[in-house]
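Secondary and tertiary structure notes
Single-letter residue listing:
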Amino acid sequence: MVLPVVAYGDPVLRKVSQNIDKDYKNLTELIDNMFETMYDSNGVGIAAPQIGRDIRLFIVDCSPFAEDEDYEDVKTELESFKKVFINPKRISESEGDEWKFAEGCLSIPHIHEEVSRPKSITLEYYDENWKKHTETFSDIRARVIQHEYDHLEGKLFIDYISSFKKKLISNKLKNITKGNVKTSYKMKFPI
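Let me sum up the structure you'll find in this document. (Residues numbered from 1 in each chain as written. Predicted model: local features only at pLDDT ≥ 70, side-chain atom pairs only at ≥ 80, totals over all residues. Heavy atoms only, no water.)

Side note on the overall build of the chain
On a plain count of helices and strands, the chain comes out with 4 helices and 8 strands. In sequence order, the chain lays out its α and β elements as β-α-β-β-α-β-β-β-β-α-α-β. Computed over the C-alpha atoms, the radius of gyration of the chain is 16 Å, within 12% of the 16 Å expected from 2.2 N^0.38 for a compact globule of 191 residues. Each principal axis of the C-alpha atoms in the chain carries an extent, and together these give about 40 × 40 × 30 Å. Expressed as a percentage of its 191 residues, the buried residues of the chain come to 49%. Intrachain contacts of the chain at a sequence separation of at least 6 include 69% that bridge at least 24 residues. Between the mean site of the 28 positive side-chain charges and the mean site of the 33 negative ones, the chain shows a separation of 8 Å. (Helix = DSSP H or I, 4+ residues; strand = E, 2+ residues; numbered from the N terminus. Rg over C-alpha atoms; globule rule 2.2 N^0.38 Å. Buried < 20%, exposed > 50% of the residue type's maximum accessible area, 1.4 Å probe, protein only. Contact = heavy atoms within 4.5 Å. Lys, Arg positive; Asp, Glu negative; His and termini not counted. Charge placed at Lys NZ, Arg CZ, Asp CG, Glu CD.)

In structure tokens, the structure reads:
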């Protein structure tokens, strides 16, 4: 089932999310719904806070980047990079030089800003079968993961841009909080 994406301004996007356990009610269905919602909105990742749940869960599917010639060297890996992250925890500081990339967010439609992020990140997490992993991710996969991980920490990509750029987009952000934005996907706006 396609769920509405929570819009910028909703307090759930600023909460630090809580860990869950194996008995979390309807977890498999929730994960399926998150993938369906992400695909319906043409996203490459979505975190539970973006559908109104303050739990430590996000999903990614980086296959759309496989068609980008900038990632030709990791095309095969990107084609099959579809993952579920439950209770992720950063276990080391992000590594490598930072690189800029114009990020967007389903909860902040029609706004894209360049954000600097490290080239790699190491996480400890559980997959959908509750198998524990410790993995280091790099390239565009690391960026998508860092973006989604930030949602679990109550951070948004716009937190990384300069105050000058924030001022430039402030009216757009106000319009999003008021529901004055059109998207091709369902959204839930703050009341």
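With respect to the pairing of strand β3 (residues 57-61)
With respect to burial, β3 is a largely interior element, 5 of its 5 residues being buried. What you see with β3 is no split at all: Leu 57, Ile 59 and Asp 61 on one side and Phe 58 and Val 60 on the other are buried throughout. By the bridge criterion, 3 bridges tie strand β2 (residues 45-47) to β3 in an arrangement that is antiparallel. Counted as the bridge partner of Gly 45 is Val 60 from β3. Here β3 pairs with strand β4 (residues 82-90) via 5 bridges, running antiparallel. Bridging across to β4, Asp 61 finds its partner in Lys 82. (Pairing = 2+ DSSP bridges.)

Considering the pattern of salt bridges
Under the criterion given, the structure shown has 12 salt bridges. Linking Glu 124 and Lys 89 is a salt bridge whose minimum nitrogen-to-oxygen distance equals 3.7 Å. Taken together, the positions of Glu 124 in strand β6 (residues 108-126) and Lys 89 in strand β4 put the pair 35 residues apart, joining distant regions of the chain. With its nearest N and O atoms 3.6 Å apart, the salt bridge here joins Lys 165 to Glu 113. Of this pair, Lys 165 sits in helix α4 (residues 163-178) while Glu 113 sits in strand β6, and the two are 52 residues apart along the sequence. The partly exposed category is assigned to Lys 165, whose relative accessible area is 35%. Because the salt bridges share partners, they merge into one network encompassing Glu 103, Arg 117, Arg 143 and Asp 150. (Salt bridge = Lys/Arg side-chain N within 4 Å of Asp/Glu carboxyl O.)

Some thoughts on the side chain of Gln 50
Here Gln 50 is to be found in the loop between β2 and β3. Residue classification places Gln 50 among the buried positions, given a relative accessible area of 1%. When residues no more than four places from it in sequence are discounted, the contact partners of Gln 50 are Pro 4, Val 5, Val 6, Leu 13, Gly 45, Cys 105, Leu 106, Ser 107, Glu 148 and His 151.

Some words on α4
Taking 1.5 Å per residue, 16 residues should reach 22 Å; α4 reaches 22 Å between its end C-alpha atoms and fits that length. Most pronounced at Ile 169, the bend in α4 amounts to some 50 degrees. What α4 keeps buried is the set Ile 169, Leu 173 and Ile 176. Gly 179, located one to two residues past α4, shows a positive phi value of around 85 degrees. (Expected span 1.5 Å × (residues − 1). Bend = angle between axes of the 7 residues up to and from the residue.)

Description of the state of the cysteines
Chemically, a disulfide is nothing more than a covalent bond linking the sulfur atoms of two cysteines. All chains considered together, the criterion is met by 0 disulfides. Not part of a disulfide, Cys 62 finds its nearest cysteine sulfur in Cys 105, a span of 15 Å. Judged by relative accessible area, which is 9%, Cys 105 ranks as buried. (Disulfide = S-S within 2.5 Å.)

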